[in-house]
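As a plain string of letters, each chain reads:
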Amino acid sequence: MKTVLEVNNYNGALQKPLGSGFNGKSTATEVIKGIDLSGKIAIVTGGNTGIGLETTKVLAAAGATVIVPARDTEKAKQNLAGINNVELEEMDLIDPKSIDAFASKFIKSGRPLHLLINNAGIMWVPLRRDSRGVESQLATNYLGQFQLVTRLWPALKMANGARVINVSSQGHQFSSFDFDDPNFRHREYETLKAYGQSKTASNLFTVELDIRSRAFNVRAYSLHPGSIYGTELGREASPELFKKMGFINEDGNIPPEIMVSLKTIPQGAATTVWCATTPMLNNIGGVYCEDTDIATLATGAPGLGDGVMPYSLNKENAKRLWTLSEEMTGLQFLVG
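Conventions adopted
Residue positions are counted from 1 within each chain, in the order its sequence is given. In keeping with the model being predicted, local features are shown solely for residues with a pLDDT of at least 70 and side-chain atom pairs are shown and tallied solely at 80 or more, while totals for entire chains, interfaces and linings include all residues. In computing side-chain properties, one takes all heavy atoms of the structure into account and sets aside hydrogens as well as water. Remark: exposure states derive from per-residue accessible area (1.4 Å probe, protein chains only) relative to the maximum for the residue type, with buried under 20%, exposed over 50%, and partly exposed in between. In DSSP terms, a helix is any run of H or I states spanning at least four residues, a strand is any run of E spanning at least two, and both are numbered starting from the N terminus. In short, DSSP must find at least two bridges between two strands for them to pair. If you view a crossover with the strands going away from you and the path from the first strand over the helix to the second runs clockwise, you call it right-handed. Any helix carries an expected span of 1.5 Å times its number of residues minus one. Here a polar contact is recorded for every N or O atom pair within 3.5 Å, except that within protein the pair must consist of a potential hydrogen donor and a potential acceptor, and residues adjacent in sequence are included only if both atoms are side-chain atoms. Any carboxyl oxygen of Asp or Glu that lies within 4 Å of a side-chain nitrogen of Lys or Arg is treated as forming a salt bridge with it.

**Student:** So, unusual backbone geometry: which residues are in play, and what are the values?
**Tutor:** With a phi close to 65°, Asn-85 is a non-glycine residue in the positive phi region. Relative accessible area serves as the criterion here: at 39%, Asn-85 is assigned to the partly exposed category. Residues other than glycine seldom take positive phi values, yet Trp-124 does so here, at roughly 60°. Following the sequence through the fold, Trp-124 ends up in the loop between strand S4 (115-118) and helix H5 (136-158).

Have a look at this one:
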(Lines give C-alpha, C1' and ligand atoms only; values in the text may rest on other atoms or scores of the structure.)
Protein backbone atom coordinates (compact mmCIF):
# COMPACT_ATOMS: atom_id res chain seq x y z
CA MET A 1 0.00 0.00 0.00
CA LYS A 2 1.42 3.39 -1.00
CA THR A 3 1.89 6.11 1.56
CA VAL A 4 0.79 9.64 0.80
CA LEU A 5 4.36 10.70 0.02
CA GLU A 6 4.80 7.88 -2.49
CA VAL A 7 1.86 8.96 -4.61
CA ASN A 8 2.87 11.26 -7.45
CA ASN A 9 1.62 12.49 -10.80
CA TYR A 10 4.43 11.17 -12.96
CA ASN A 11 2.95 10.19 -16.33
CA GLY A 12 -0.44 11.53 -15.26
CA ALA A 13 -1.22 8.98 -12.58
CA LEU A 14 -3.42 11.44 -10.65
CA GLN A 15 -5.14 13.14 -13.58
CA LYS A 16 -8.71 12.34 -12.54
CA PRO A 17 -11.36 15.01 -11.86
CA LEU A 18 -12.39 15.31 -8.21
CA GLY A 19 -15.93 16.54 -8.81
CA SER A 20 -15.18 20.01 -7.49
CA GLY A 21 -18.73 21.26 -7.94
CA PHE A 22 -17.48 24.02 -10.23
CA ASN A 23 -17.07 24.20 -14.01
CA GLY A 24 -15.77 26.32 -16.86
CA LYS A 25 -18.37 29.01 -16.23
CA SER A 26 -17.54 29.42 -12.53
CA THR A 27 -15.89 32.69 -11.53
CA ALA A 28 -12.96 33.33 -9.22
CA THR A 29 -15.25 35.00 -6.69
CA GLU A 30 -17.50 31.94 -6.62
CA VAL A 31 -14.71 29.42 -6.06
CA ILE A 32 -13.15 31.35 -3.15
CA LYS A 33 -16.44 31.91 -1.34
CA GLY A 34 -16.11 31.09 2.36
CA ILE A 35 -12.30 30.94 2.31
CA ASP A 36 -10.46 33.34 4.63
CA LEU A 37 -6.90 34.28 3.61
CA SER A 38 -6.25 36.70 6.47
CA GLY A 39 -2.58 36.60 7.41
CA LYS A 40 -1.58 34.88 4.16
CA ILE A 41 0.95 36.39 1.77
CA ALA A 42 0.70 35.88 -1.99
CA ILE A 43 2.84 36.89 -4.95
CA VAL A 44 1.05 37.14 -8.29
CA THR A 45 3.27 37.76 -11.31
CA GLY A 46 1.43 39.71 -13.98
CA GLY A 47 -1.09 40.54 -11.28
CA ASN A 48 -1.87 43.95 -12.71
CA THR A 49 -3.64 42.97 -15.94
CA GLY A 50 -6.05 40.38 -17.34
CA ILE A 51 -6.70 37.27 -15.30
CA GLY A 52 -3.75 38.17 -13.08
CA LEU A 53 -5.48 41.38 -12.01
CA GLU A 54 -8.68 39.46 -11.28
CA THR A 55 -6.65 36.96 -9.24
CA THR A 56 -5.08 39.81 -7.27
CA LYS A 57 -8.46 41.40 -6.56
CA VAL A 58 -10.07 38.17 -5.39
CA LEU A 59 -7.17 37.07 -3.16
CA ALA A 60 -6.92 40.54 -1.60
CA ALA A 61 -10.66 40.66 -0.99
CA ALA A 62 -10.35 37.34 0.87
CA GLY A 63 -7.81 38.94 3.22
CA ALA A 64 -4.45 38.04 1.69
CA THR A 65 -1.60 40.52 1.31
CA VAL A 66 -0.83 40.38 -2.41
CA ILE A 67 2.53 41.42 -3.84
CA VAL A 68 2.44 42.21 -7.55
CA PRO A 69 5.79 42.35 -9.35
CA ALA A 70 5.36 44.16 -12.66
CA ARG A 71 7.56 45.20 -15.56
CA ASP A 72 5.73 48.51 -16.11
CA THR A 73 5.14 49.84 -12.62
CA GLU A 74 3.40 53.04 -13.74
CA LYS A 75 0.79 51.09 -15.69
CA ALA A 76 0.47 48.63 -12.82
CA LYS A 77 -0.06 51.43 -10.31
CA GLN A 78 -3.01 52.71 -12.33
CA ASN A 79 -4.54 49.24 -12.72
CA LEU A 80 -4.16 48.40 -9.03
CA ALA A 81 -5.48 51.73 -7.73
CA GLY A 82 -8.15 51.31 -5.08
CA ILE A 83 -7.39 47.67 -4.25
CA ASN A 84 -6.55 47.14 -0.58
CA ASN A 85 -3.82 44.79 0.70
CA VAL A 86 -1.68 45.11 -2.44
CA GLU A 87 2.05 45.89 -2.69
CA LEU A 88 3.63 46.80 -6.02
CA GLU A 89 7.21 45.85 -6.91
CA GLU A 90 9.30 45.91 -10.07
CA MET A 91 10.35 42.75 -11.94
CA ASP A 92 10.86 41.65 -15.54
CA LEU A 93 10.76 37.88 -16.00
CA ILE A 94 13.02 37.93 -19.04
CA ASP A 95 15.77 39.62 -17.00
CA PRO A 96 17.47 37.23 -14.54
CA LYS A 97 18.99 40.13 -12.55
CA SER A 98 15.54 41.66 -12.14
CA ILE A 99 14.16 38.38 -10.77
CA ASP A 100 17.05 38.10 -8.32
CA ALA A 101 16.57 41.68 -7.11
CA PHE A 102 12.84 41.20 -6.51
CA ALA A 103 13.27 37.85 -4.75
CA SER A 104 16.16 39.12 -2.63
CA LYS A 105 14.09 42.05 -1.38
CA PHE A 106 11.23 39.73 -0.42
CA ILE A 107 13.50 37.24 1.34
CA LYS A 108 15.14 40.06 3.30
CA SER A 109 11.69 41.11 4.56
CA GLY A 110 11.66 37.89 6.58
CA ARG A 111 8.09 37.08 5.61
CA PRO A 112 6.76 33.63 4.71
CA LEU A 113 5.21 33.10 1.28
CA HIS A 114 1.98 31.11 1.25
CA LEU A 115 1.01 31.47 -2.41
CA LEU A 116 3.29 31.98 -5.40
CA ILE A 117 1.18 32.38 -8.51
CA ASN A 118 3.29 32.36 -11.66
CA ASN A 119 0.71 33.98 -13.88
CA ALA A 120 2.74 36.31 -16.14
CA GLY A 121 3.64 35.20 -19.64
CA ILE A 122 3.97 36.09 -23.29
CA MET A 123 2.41 34.39 -26.29
CA TRP A 124 2.97 34.04 -30.03
CA VAL A 125 5.77 36.58 -30.34
CA PRO A 126 8.45 36.86 -33.06
CA LEU A 127 11.82 35.20 -32.46
CA ARG A 128 13.65 37.06 -29.72
CA ARG A 129 16.31 36.01 -27.27
CA ASP A 130 17.21 37.12 -23.78
CA SER A 131 20.68 38.15 -22.59
CA ARG A 132 21.66 34.48 -22.33
CA GLY A 133 20.49 33.63 -25.84
CA VAL A 134 17.40 31.81 -24.58
CA GLU A 135 14.29 32.02 -26.80
CA SER A 136 11.99 34.60 -25.22
CA GLN A 137 8.86 32.51 -24.66
CA LEU A 138 10.89 29.79 -22.94
CA ALA A 139 12.76 32.41 -20.91
CA THR A 140 9.66 34.30 -19.79
CA ASN A 141 7.06 31.56 -19.48
CA TYR A 142 9.25 28.92 -17.90
CA LEU A 143 12.83 29.75 -16.90
CA GLY A 144 11.59 32.86 -15.12
CA GLN A 145 9.25 30.63 -13.11
CA PHE A 146 12.05 28.22 -12.28
CA GLN A 147 14.37 31.00 -11.15
CA LEU A 148 11.70 32.76 -9.10
CA VAL A 149 10.68 29.57 -7.27
CA THR A 150 14.35 28.77 -6.64
CA ARG A 151 15.07 32.18 -5.15
CA LEU A 152 11.86 32.29 -3.09
CA TRP A 153 12.19 28.72 -1.79
CA PRO A 154 13.22 29.74 1.77
CA ALA A 155 10.04 31.83 2.13
CA LEU A 156 7.84 29.08 0.67
CA LYS A 157 9.31 26.58 3.11
CA MET A 158 8.88 29.02 6.01
CA ALA A 159 5.12 29.22 5.35
CA ASN A 160 4.64 25.59 6.45
CA GLY A 161 1.77 25.26 4.03
CA ALA A 162 2.44 26.90 0.67
CA ARG A 163 1.30 26.41 -2.91
CA VAL A 164 3.04 27.23 -6.18
CA ILE A 165 0.60 27.77 -9.04
CA ASN A 166 2.03 27.74 -12.56
CA VAL A 167 -0.40 29.13 -15.11
CA SER A 168 0.16 26.92 -18.14
CA SER A 169 -2.07 26.56 -21.19
CA GLN A 170 -3.94 24.19 -23.43
CA GLY A 171 -1.28 25.44 -25.84
CA HIS A 172 1.14 22.92 -24.31
CA GLN A 173 -0.44 20.62 -26.89
CA PHE A 174 1.38 22.54 -29.64
CA SER A 175 4.71 20.97 -28.72
CA SER A 176 6.59 18.63 -26.44
CA PHE A 177 9.92 19.84 -25.05
CA ASP A 178 12.79 19.68 -27.54
CA PHE A 179 15.84 18.82 -25.45
CA ASP A 180 18.06 18.81 -28.53
CA ASP A 181 17.24 22.36 -29.62
CA PRO A 182 15.12 24.23 -27.05
CA ASN A 183 16.27 27.63 -28.30
CA PHE A 184 15.62 27.12 -32.03
CA ARG A 185 19.28 27.32 -32.99
CA HIS A 186 19.07 24.55 -35.55
CA ARG A 187 15.37 24.38 -36.50
CA GLU A 188 13.06 26.90 -38.05
CA TYR A 189 11.37 29.11 -35.51
CA GLU A 190 7.62 28.59 -35.16
CA THR A 191 6.02 30.78 -32.53
CA LEU A 192 3.28 28.25 -31.72
CA LYS A 193 5.84 25.52 -31.11
CA ALA A 194 7.93 27.84 -28.97
CA TYR A 195 4.87 28.77 -26.92
CA GLY A 196 3.79 25.15 -26.60
CA GLN A 197 7.26 24.07 -25.52
CA SER A 198 7.36 26.73 -22.80
CA LYS A 199 4.02 25.56 -21.40
CA THR A 200 5.00 21.88 -21.57
CA ALA A 201 8.10 22.87 -19.58
CA SER A 202 5.88 24.51 -16.96
CA ASN A 203 3.85 21.30 -16.61
CA LEU A 204 6.95 19.13 -16.30
CA PHE A 205 8.39 21.50 -13.69
CA THR A 206 5.18 21.36 -11.69
CA VAL A 207 5.24 17.57 -11.48
CA GLU A 208 8.86 17.44 -10.36
CA LEU A 209 8.61 20.41 -7.98
CA ASP A 210 5.65 18.90 -6.16
CA ILE A 211 7.48 15.63 -5.59
CA ARG A 212 10.58 17.35 -4.27
CA SER A 213 8.85 20.01 -2.16
CA ARG A 214 5.91 18.24 -0.55
CA ALA A 215 8.00 16.99 2.40
CA PHE A 216 8.27 20.68 3.31
CA ASN A 217 4.50 21.21 2.97
CA VAL A 218 4.85 23.02 -0.37
CA ARG A 219 2.62 21.76 -3.18
CA ALA A 220 2.62 22.68 -6.87
CA TYR A 221 -0.09 22.86 -9.55
CA SER A 222 -0.30 23.83 -13.21
CA LEU A 223 -3.42 24.83 -15.07
CA HIS A 224 -5.12 25.94 -18.25
CA PRO A 225 -7.19 29.06 -17.49
CA GLY A 226 -9.29 28.71 -20.66
CA SER A 227 -9.52 30.74 -23.82
CA ILE A 228 -10.36 34.18 -22.52
CA TYR A 229 -11.86 37.22 -24.14
CA GLY A 230 -10.43 40.63 -23.35
CA THR A 231 -6.84 39.98 -22.25
CA GLU A 232 -3.66 41.50 -23.74
CA LEU A 233 -1.85 38.17 -24.09
CA GLY A 234 -2.03 37.82 -27.86
CA ARG A 235 -1.33 41.45 -28.66
CA GLU A 236 1.73 40.70 -30.84
CA ALA A 237 0.19 37.88 -32.83
CA SER A 238 -0.67 38.58 -36.46
CA PRO A 239 -4.25 38.36 -37.78
CA GLU A 240 -3.00 35.58 -40.08
CA LEU A 241 -2.06 33.49 -37.06
CA PHE A 242 -5.46 33.98 -35.46
CA LYS A 243 -7.07 32.98 -38.77
CA LYS A 244 -4.89 29.89 -38.93
CA MET A 245 -6.02 28.97 -35.42
CA GLY A 246 -9.66 29.51 -36.39
CA PHE A 247 -10.11 32.26 -33.81
CA ILE A 248 -11.13 34.85 -36.39
CA ASN A 249 -12.69 34.54 -39.84
CA GLU A 250 -11.66 36.17 -43.12
CA ASP A 251 -13.52 39.33 -42.14
CA GLY A 252 -11.43 39.63 -38.98
CA ASN A 253 -14.36 38.81 -36.70
CA ILE A 254 -14.63 36.11 -34.03
CA PRO A 255 -17.03 33.39 -35.29
CA PRO A 256 -20.13 32.94 -33.06
CA GLU A 257 -19.19 29.36 -32.16
CA ILE A 258 -15.78 30.56 -30.93
CA MET A 259 -17.24 33.53 -29.04
CA VAL A 260 -19.58 31.21 -27.13
CA SER A 261 -16.63 29.10 -25.97
CA LEU A 262 -14.58 32.03 -24.67
CA LYS A 263 -14.42 32.77 -20.97
CA THR A 264 -14.75 36.14 -19.29
CA ILE A 265 -11.81 37.37 -17.24
CA PRO A 266 -13.53 36.44 -13.91
CA GLN A 267 -14.14 32.94 -15.31
CA GLY A 268 -10.56 32.78 -16.61
CA ALA A 269 -9.12 33.42 -13.15
CA ALA A 270 -11.28 30.78 -11.47
CA THR A 271 -9.01 27.76 -11.97
CA THR A 272 -5.98 29.68 -10.68
CA VAL A 273 -7.85 30.74 -7.55
CA TRP A 274 -9.28 27.24 -7.06
CA CYS A 275 -5.83 25.65 -7.28
CA ALA A 276 -4.49 28.23 -4.83
CA THR A 277 -7.19 27.91 -2.19
CA THR A 278 -9.38 24.81 -2.37
CA PRO A 279 -9.14 22.35 0.54
CA MET A 280 -9.84 19.58 -2.01
CA LEU A 281 -6.18 19.76 -3.07
CA ASN A 282 -4.71 19.64 0.44
CA ASN A 283 -3.38 16.11 -0.08
CA ILE A 284 -2.75 16.05 -3.81
CA GLY A 285 -0.30 17.97 -5.98
CA GLY A 286 1.63 17.97 -9.21
CA VAL A 287 -1.60 17.90 -11.21
CA TYR A 288 -2.72 19.91 -14.23
CA CYS A 289 -6.14 21.50 -13.85
CA GLU A 290 -8.73 23.12 -16.11
CA ASP A 291 -12.31 24.32 -15.66
CA THR A 292 -11.83 24.42 -11.85
CA ASP A 293 -11.02 20.73 -11.43
CA ILE A 294 -8.22 18.29 -12.15
CA ALA A 295 -8.10 17.65 -15.90
CA THR A 296 -8.21 14.27 -17.56
CA LEU A 297 -5.34 12.87 -19.60
CA ALA A 298 -5.66 13.76 -23.27
CA THR A 299 -6.08 10.62 -25.34
CA GLY A 300 -6.09 12.08 -28.85
CA ALA A 301 -3.36 13.54 -30.99
CA PRO A 302 -1.86 16.89 -29.95
CA GLY A 303 -4.02 19.78 -31.00
CA LEU A 304 -6.36 22.06 -29.01
CA GLY A 305 -8.40 19.44 -27.20
CA ASP A 306 -9.32 19.03 -23.56
CA GLY A 307 -7.00 17.44 -21.06
CA VAL A 308 -3.26 17.28 -20.57
CA MET A 309 -0.83 15.55 -22.90
CA PRO A 310 1.05 12.68 -21.22
CA TYR A 311 4.36 13.95 -22.62
CA SER A 312 4.07 17.05 -20.42
CA LEU A 313 3.93 14.88 -17.28
CA ASN A 314 6.58 12.34 -18.31
CA LYS A 315 8.77 11.19 -15.41
CA GLU A 316 12.09 11.02 -17.26
CA ASN A 317 11.54 14.36 -19.02
CA ALA A 318 10.52 16.07 -15.75
CA LYS A 319 13.79 15.01 -14.11
CA ARG A 320 15.80 15.84 -17.23
CA LEU A 321 14.25 19.31 -17.49
CA TRP A 322 15.11 20.10 -13.86
CA THR A 323 18.78 19.42 -14.58
CA LEU A 324 18.67 21.39 -17.84
CA SER A 325 16.96 24.31 -16.08
CA GLU A 326 19.74 24.47 -13.52
CA GLU A 327 22.27 24.52 -16.36
CA MET A 328 20.41 27.20 -18.35
CA THR A 329 19.91 29.49 -15.35
CA GLY A 330 23.23 28.78 -13.66
CA LEU A 331 21.32 28.02 -10.46
CA GLN A 332 21.29 24.92 -8.31
CA PHE A 333 17.83 24.34 -6.87
CA LEU A 334 18.44 22.13 -3.85
CA VAL A 335 15.05 21.53 -2.27
CA GLY A 336 15.84 21.02 1.35
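On we go.
**Student:** How would you sum up the pairing of strand S2 (residues 65-70)? Please name residues and give values.
**Tutor:** Here S2 lies mainly inside the structure; five of its six residues are buried. Here three bridges tie strand S1 (residues 41-44) to S2, and the two strands are oriented parallel to one another. Its bridge partner lying in S2, Ile-41 is registered against Thr-65. Of the crossover connections in this fold, the one passing from S1 over helix H2 (residues 50-61) to the parallel S2 is right-handed. Bridge count between S2 and strand S3 (residues 86-90): five bridges; the pairing is parallel. Each bridged residue has a counterpart across the sheet, and for Ala-70 the counterpart in S3 is Glu-90.

**Student:** Could you give an account of helix H11 (residues 315-329), naming the residues involved and the relevant values?
**Tutor:** An α-helical turn contains 3.6 residues, so any two residues separated by three or four positions project in the same direction. The terminal C-alpha atoms of H11 lie 21 Å apart, and with 15 residues this matches the ideal 21 Å at 1.5 Å per residue to within 8%. Capping the start of H11 is the job of one residue whose side-chain oxygen sits 3.1 Å from the backbone nitrogen of Glu-316: Asn-314. At the C-terminal side of H11, Gly-330 shows a positive phi close to 75°.

**Student:** Explain the pattern of salt bridges to me, using residue names and the numbers behind them.
**Tutor:** Inspection of every chain in the model, using the stated rule, returns 12 salt bridges. Where Lys-319 meets Glu-208, a salt bridge forms, and the shortest distance between an N and an O atom there is 3.8 Å. Here Glu-208 lies in helix H6 (residues 191-213) and Lys-319 lies in helix H11, a separation of 111 residues in the sequence. Lys-319 sits in the partly exposed class, given a relative accessible area of 35%. Two residues, Asp-291 and Lys-263, come together in a salt bridge whose shortest N-O distance is 2.8 Å. Residue Asp-291 is found in the loop between strand S7 (288-290) and strand S8 (293-294), and its partner Lys-263 is found in the loop between helix H8 (256-261) and helix H9 (265-268); the two are separated by 28 residues along the sequence.

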